[in-house]
Amino acid sequence: MAVNNYIPEIWHAALLENLHQNTFIIPTLNHDYEGDIVNGGEKVKITGFTTPTVKTYTGSITRDAIVDNGLELLIDQMKYYAYLVDDVDKVQAAGSFDAVQADAGLALADVAEDFVITDMLTNGTSAGTTALATFAAADAAVKTMRTAMVKAKVPTAQRYLAANPEFAGWLMDAGGSLFKANESGSDQTLRNGVIGTYRGFTVIETPSAALANAGRPGAVGYWGRAYGFAEQLVKDRAQTVTDAFGDQVDGLHVYGGKVIRPTAVRTWLAAA
């Protein structure tokens, strides 16, 4: 067993690619706060200030006191993978580590996506819980979320609807525009779960367990910039172990997320 020729950049790149290929929601989020993540546990400062009041000028000026109401994005999620191979150098030379790295990337993606959606459901704003059993009911739920976001002055660009298969299924019913290619904006399923556009939302069908909702329709309508997310694959390494015959390959994925604007994250979990 030897790890003398281990090339971490190759394994890191393969893992990162597979991680990104298997994320649905994370690519749509606000990544402005990636910062300088080293080992996890860092806090990223999200600067924010109170909005000045617009007044009518009558000859004198009243000044507002600007207060810092910034938030902290805590990089508190630290997830790792580790597996044993007979000989890292031989596996690397043969180029046969792709399948294993793909599985590691998929597993990390699943956990990270569940974290984001759980946080959205917990810290977003509920738009309703009425049971959905028809296209009309699902359509009404989307309209409710859209109306709430418009009233909250959420920008029209980068609006997404993350829907579980049950919710997406109703929108793809024969009565829904996602069923009609010319109205949905696409005649094929796009990368990373995008299945079309609907009432101003880019619709993403996600298999996330966090949005399973016990097999009932569930969705989150959100503005991409309303959720801050920062991540880093901070470690990739190979080392000889003493308690097994083989070399251990492991890696550490650290990240954190935060709902920055709750009024721009609207949830719908249909009741029974």
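Cut-offs applied
Residues numbered from 1 in each chain as written. Predicted model: local features only at pLDDT ≥ 70, side-chain atom pairs only at ≥ 80, totals over all residues. Heavy atoms only, no water. Helix = DSSP H or I, 4+ residues; strand = E, 2+ residues; numbered from the N terminus. Polar contact = N/O pair within 3.5 Å; in protein donor to acceptor, adjacent residues only side chain to side chain. Pairing = 2+ DSSP bridges. Axes fitted to C-alpha atoms, helices over the stretch in contact; angles between N-to-C directions. Contact = heavy atoms within 4.5 Å. Core = buried A, V, L, I, M, F, W, Y, C linked by side-chain atoms within 4.5 Å. Buried < 20%, exposed > 50% of the residue type's maximum accessible area, 1.4 Å probe, protein only.

Peer 1: Now, about the environment of threonine 28: what can you tell me, with residues and values included?
Peer 2: By the secondary structure assignment, threonine 28 is in the loop between helix 1 (8-21) and strand 1 (43-46). As a C-alpha pair, threonine 28 and tyrosine 160 span 132 residues in sequence and 8.0 Å in three-dimensional space. A distance of 2.6 Å separates polar atoms of two side chains, one belonging to threonine 28 and the other to tyrosine 222.

Peer 1: Mind laying out the sheet that holds strand 5 (residues 159-163), listing which residues take part and the relevant values?
Peer 2: The six strands are arranged 4-11-8-5-7-6 in an open sheet whose pairing can be described as mixed. Since the sheet does not close on itself, it has two edges, and those belong to strand 4 (125-128) and strand 6 (194-198), each with one partner. Each adjacent strand pair in this sheet contributes to an overall mean axis angle of 25°, direction not counted. Inspection of the sheet shows strand 5 paired to strand 7 (residues 201-205) by four bridges, in the parallel sense. From the neighbouring strand, leucine 161 faces strand 7, where its bridge partner is valine 203. Against the sheet, helix 4 (residues 135-151) engages strand 4, strand 5, strand 6, strand 7, strand 8 (218-223) and strand 11 (265-269), with an angle of about 160° to strand 11.

Peer 1: Now, about the nonpolar core: what can you tell me, with residues and values included?
Peer 2: Counting 45 residues, the largest nonpolar core has Ile25, Leu29, Val116, Met120, Leu161, Phe167 and Tyr222 as the members making the most contacts within it. Here the element with the most residues in this core is helix 4; it accounts for six residues. The contact partners of leucine 161, leaving out residues within four places of it in the chain, are Val142, Met145, Phe167, Leu171, Phe201, Thr202, Val203, Ile204, Ala219, Val220 and Gly221.

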